[in-house]
Amino acid sequence: MYQRALQGKEKAGVPEHSILKELNNLGILYKNLGRLNEAEKMYQRALQGYEKAWGPEHTSTLNTVNNLGLLYADLGRHNEAEKMYHRALNGFEKRLGYEHERCRRLRRVLAALERSL
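Taking an unreviewed UniProt entry as the reference, the protein chain is identified by name as TPR-like protein belonging to Mytilinidion resinicola.

Undergrad: Could you clarify how one ought to interpret the overall build of the protein chain in this entry?
TA: Looking only at helices and strands, one finds six helices and zero strands in the protein chain. The order of helices and strands in the protein chain, counted from the N terminus, is α-α-α-α-α-α. Along the first, second and third principal axes, the C-alpha atoms of the protein chain reach 45 × 30 × 20 Å. Among the 117 residues that make up the protein chain, the fraction classed as buried is 36%. Pairs at least 24 apart in sequence give 47% of the contacts found in the protein chain among residues at least 6 apart. Carbon and sulfur atoms make up 50% of the accessible area of the protein chain, which totals about 6800 Å². Mean positive and mean negative side-chain charge positions of the protein chain (20 and 14 charges, respectively) differ by 4 Å.

Undergrad: Which parts of the structure should I look at to understand the side chain of Asn 67?
TA: Here Asn 67 is to be found in helix α4 (residues 59–74). The exposure class of Asn 67 is buried, given its relative accessible area of 12%. Contact partners of Asn 67, with chain neighbours within four places excluded, come to Asn 24, Ile 28 and Tyr 43.

Undergrad: Hey, could you run me through the side chain of Arg 102 in this one?
TA: On the secondary structure map, Arg 102 appears in helix α6 (residues 101–116). At 8.9 Å, Glu 101 is the nearest oppositely charged side chain to Arg 102, a buried residue that forms no salt bridge. With near-sequence residues (within four places) excluded, Arg 102 lies in contact with Asn 63, Asn 66, Phe 92 and Leu 96.

Undergrad: For this particular structure, what's the right way to read the packing of helix α5 (residues 78–96) against α6?
TA: The axes of two packed helices give the description: the angle between them and the distance between them. Between α5 and α6, the shortest axis-to-axis distance is 9 Å and the interhelical angle comes to 160°. Regarding the angle of α5 to α6, the classification is roughly antiparallel. Crossing hand, α5 versus α6: left-handed. Mapping the contact onto sequence places His 78, Ala 81, Glu 82, Tyr 85, His 86, Ala 88, Leu 89, Phe 92, Glu 93 and Leu 96 in α5 and Arg 102, Cys 103, Leu 106, Arg 107, Val 109, Leu 110, Leu 113 and Glu 114 in α6.

Thresholds applied
Residues numbered from 1 in each chain as written. Predicted model: local features only at pLDDT ≥ 70, side-chain atom pairs only at ≥ 80, totals over all residues. Heavy atoms only, no water. Helix = DSSP H or I, 4+ residues; strand = E, 2+ residues; numbered from the N terminus. Buried < 20%, exposed > 50% of the residue type's maximum accessible area, 1.4 Å probe, protein only. Contact = heavy atoms within 4.5 Å. Areas by Shrake-Rupley, 256 points an atom, 1.4 Å probe, with all protein chains shown as cover. Lys, Arg positive; Asp, Glu negative; His and termini not counted. Charge placed at Lys NZ, Arg CZ, Asp CG, Glu CD. Salt bridge = Lys/Arg side-chain N within 4 Å of Asp/Glu carboxyl O. Axes fitted to C-alpha atoms, helices over the stretch in contact; angles between N-to-C directions. Parallel < 35°, antiparallel > 145°, perpendicular 65-115°, else oblique. Left-handed = near helix turned anticlockwise from the far one by under 90°.

In structure tokens:
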């Protein structure tokens, strides 16, 4: 369904920022299906679009950054995962506050990743 929505919007010539949610959702789906290379492509495309449309610290941008961190961790690319997690954490702390549950969760993920290195 995400692919059909994306293809329909692309065919209709909608602006790139109108398909970013579908790109991110396809990344999630591909990751869950184990299609990790395709997931990375979708996340990267979504991230570039979110950065261009909404900026580097918009929560949608940060969600995609976090998703890339999860993907990189699954791929064993720990340095890249750590970089994405730090970026997401810094942005969420600015947007949501240091004590927000999302920030606490990211700090736990980062601590676990750093212990495993």
